[in-house]
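# Architecture and fold: a report
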Amino acid sequence: LKHQIRDLERLITNSSSHQNASITLLNERKLAALRHELVLTKASREKTRMIEKYHMVRFFERKKAERHLKKAIKAQVEYDGGDDDDVAERERLARKVHIATIDLNYTNYSPLDSVYVSLYPNQKSESD
């Protein structure tokens, strides 16, 4: 595509005075179409590169988010089975389930063509 674009640019600039106006216009349209196709191709390659780069991280974080959600739902169900009517505790557990659901949705539906920001970054020790 880059070679075709370069060739058309040369053709337009060097022989514009010798060519018919309709041929020049046709070549300019071809040039615009090729530039658009080049942009789309670059975006597609970048998306593929980002998918490959973050595939493993997204997989591990999705599994971790699923575990967190399962644990939060289990804690909420176990608490609801008791006789305590502590509203604050119920709200805290419901909020935990909600946050775990949001985290899971982020790992599943975050855009593939942009940088994936980790939900659970590695914890560095103070000596590092």
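The structure we're discussing is the one just above.
Residues numbered from 1 in each chain as written. Predicted model: local features only at pLDDT ≥ 70, side-chain atom pairs only at ≥ 80, totals over all residues. Heavy atoms only, no water.

### Overview of the environment of Arg49
Summarising the element assignment, Arg49 is placed in helix α2 (residues 21–80). Between the alpha carbons of Arg49 and Leu112 there is a distance of 9.6 Å; along the sequence they are 63 residues apart. Side chain to side chain, Arg49 and Glu46 meet in a polar contact 2.8 Å long. (Helix = DSSP H or I, 4+ residues; strand = E, 2+ residues; numbered from the N terminus. Polar contact = N/O pair within 3.5 Å; in protein donor to acceptor, adjacent residues only side chain to side chain.)

### Quick notes on the pattern of salt bridges
On inspection of all chains with the given rule, the structure shows 5 salt bridges. Arg49 is the partner of Glu46 in a salt bridge, and the nearest nitrogen-oxygen pair spans 2.8 Å. You can see Glu46 and its partner Arg49 sitting in helix α2, 3 residues apart, about one turn around the helix. By relative accessible area, Glu46 is classed as partly exposed at 34%. A relative accessible area of 41% places Arg49 in the partly exposed class. Among the ionic pairs, Glu89 bridges to Arg92, the shortest N-O distance being 2.6 Å. Linking Glu89 with Arg92, this pair stays in helix α3 (residues 87–109), spanning 3 residues, or about one helical turn. In this structure Arg92 comes out as partly exposed when scored by relative accessible area, which is 42%. Salt bridges sharing partners connect three or more residues here, namely Arg62, Lys63 and Glu66. (Salt bridge = Lys/Arg side-chain N within 4 Å of Asp/Glu carboxyl O. Buried < 20%, exposed > 50% of the residue type's maximum accessible area, 1.4 Å probe, protein only.)

### A look at helix α1 (residues 2–14)
The periodicity of an α-helix, 3.6 residues per turn, causes residues three or four positions apart to be oriented the same way. End to end, α1 covers 18 Å across 13 residues, agreeing with the expected 18 Å (1.5 Å per residue, within 8%). Listed as buried for α1 are Ile5, Leu8 and Ile12. Viewed end-on, α1 has its buried residues packed into an arc of 70°, placing them on one side of the element. When the buried face of α1 is taken as reference, the exposed residues oriented beyond 90 degrees from it are Lys2, His3, Thr13 and Asn14. Looking at the buried positions of α1, the neighbouring elements they touch are α2. (Expected span 1.5 Å × (residues − 1). Arc of directions from axis to C-beta. Contact = heavy atoms within 4.5 Å.)

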